[in-house]
Amino acid sequence: MPRPLLPVCLAALTLPWTSGALIVPMPGWTPVGGDANYWTDASGNCLMREERHGQAFPRFGTPEEARAFALKLQGSLGRNVRNVVTQPVDRAGIWSVLAAYDFQEGGVNYRVSQLYLSDSGLLRTVTGSSAAQDASACVNEMRDFIRYLAD
């Protein structure tokens, strides 16, 4: 099975990024090539990436504000990927947006989960991917981490 690829940037979200470091997401996950922004599980079936962007991104104080952005994001992503679902997620009273979608690269279909966070007023994303049909244990662990724990 090919190693999951994480879309670097979709055409709708082409943004510059600066270095930062995601805390080790889960036990057994290791940085890819020593880069603390890319993490893979022991099997190599799941990949996560943290990106810090120079683009302004507001803090959402209410679920309604996050939902409004989620709907715009869903429309934007839907031009480039399939099966897009977005939703507001609560991070200790600060609302963020979670997106999930299918992406194809090199003839392989991937399922992507992507969290959009405001980090000091700038966009930061935590993105995870795996082959769409992959049922490895890492898939649900990774999605749960992004959905409930990444911040």
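Residues numbered from 1 in each chain as written. Predicted model: local features only at pLDDT ≥ 70, side-chain atom pairs only at ≥ 80, totals over all residues. Heavy atoms only, no water.

What follows concerns the overall build of the chain. Each helix and strand in the chain was counted, giving two helices and eight strands. Of the regular secondary structure in the chain, the N- to C-terminal order runs β-β-β-β-α-β-β-β-β-α. By the burial criterion, 46% of the 151 residues in the chain qualify as buried. For the chain, the proportion of contacts with a sequence separation of at least 24, taken over those separated by at least 6, is 53%. (Helix = DSSP H or I, 4+ residues; strand = E, 2+ residues; numbered from the N terminus. Buried < 20%, exposed > 50% of the residue type's maximum accessible area, 1.4 Å probe, protein only. Contact = heavy atoms within 4.5 Å.)

In this section: the side chain of D41. By secondary structure assignment, the location of D41 is in the loop between β3 (35–40) and β4 (46–56). Not counting the four nearest positions on each side in its chain, D41 is found in contact with G28, W29, C46 and C138.

All right, on to the nonpolar core then. The biggest cluster of nonpolar side chains holds 16 residues, and the ones touching the most others in it are W29, M48, L115, M142 and I146. Those elements that place two or more of their residues in this core are β4, β7 (108–119) and α2 (137–149). Sort the elements by how many residues they give to this core and α2 lands first, with five residues. Formed by 15 residues, the second largest nonpolar core is a distinct cluster that contains V81, V97, Y101 and Y116. (Core = buried A, V, L, I, M, F, W, Y, C linked by side-chain atoms within 4.5 Å.)

Time to look at the pairing of β4. The sheet contact formed by β3 and β4 spans three bridges and is antiparallel. Bridging from a neighbouring strand, W39 pairs with M48 of β4. Linkage of β3 to β4, two consecutive antiparallel strands, is achieved through a turn of five residues, within which G44 is found at a positive phi near 80°. (Pairing = 2+ DSSP bridges.)

Evaluated as defined, the whole model comprises one disulfide. The side chain of C46 participates in a disulfide bridge whose partner is C138; the two sulfur atoms lie 2.1 Å from each other. The disulfide joining C46 to C138 has a torsion of about 75° about its S-S bond and is therefore right-handed. With C46 in strand β4 and C138 in helix α2, the pair connects residues that are 92 residues apart, well separated along the chain. (Disulfide = S-S within 2.5 Å.)

Compared with the 21 Å implied by 1.5 Å per residue over 15 residues, the 20 Å span of helix α1 (residues 63–77) between its first and last C-alpha is a close match. Residues of α1 that are buried include every one of A66, A70, L73, S76 and L77, and no others. Down the axis of α1, the buried side of the element spans an arc of 125°, and every buried residue falls inside it. Turned more than 90 degrees away from the buried face of α1, the exposed residues are E64, L71 and K72. Structurally, α1 contributes buried residues whose contacts are with β5 (82–91), β6 (94–105) and β7. (Expected span 1.5 Å × (residues − 1). Arc of directions from axis to C-beta.)

Each regular strand carries side chains that alternate between the two faces of the sheet. Counted residue by residue, strand β8 (residues 122–131) has nine buried out of ten residues, so it is predominantly covered. Pairing geometry for β4 and β8, over eight bridges, is antiparallel. Paired with E50 across the bridge in β8 is V126. Examined bridge by bridge, β7 and β8 share ten bridges and lie antiparallel to one another. The residue bridging R111 from the neighbouring strand is S130, located in β8. The antiparallel hairpin formed by β7 and β8 contains two residues in its connecting segment, where S120 sits at a positive phi of about 55°.

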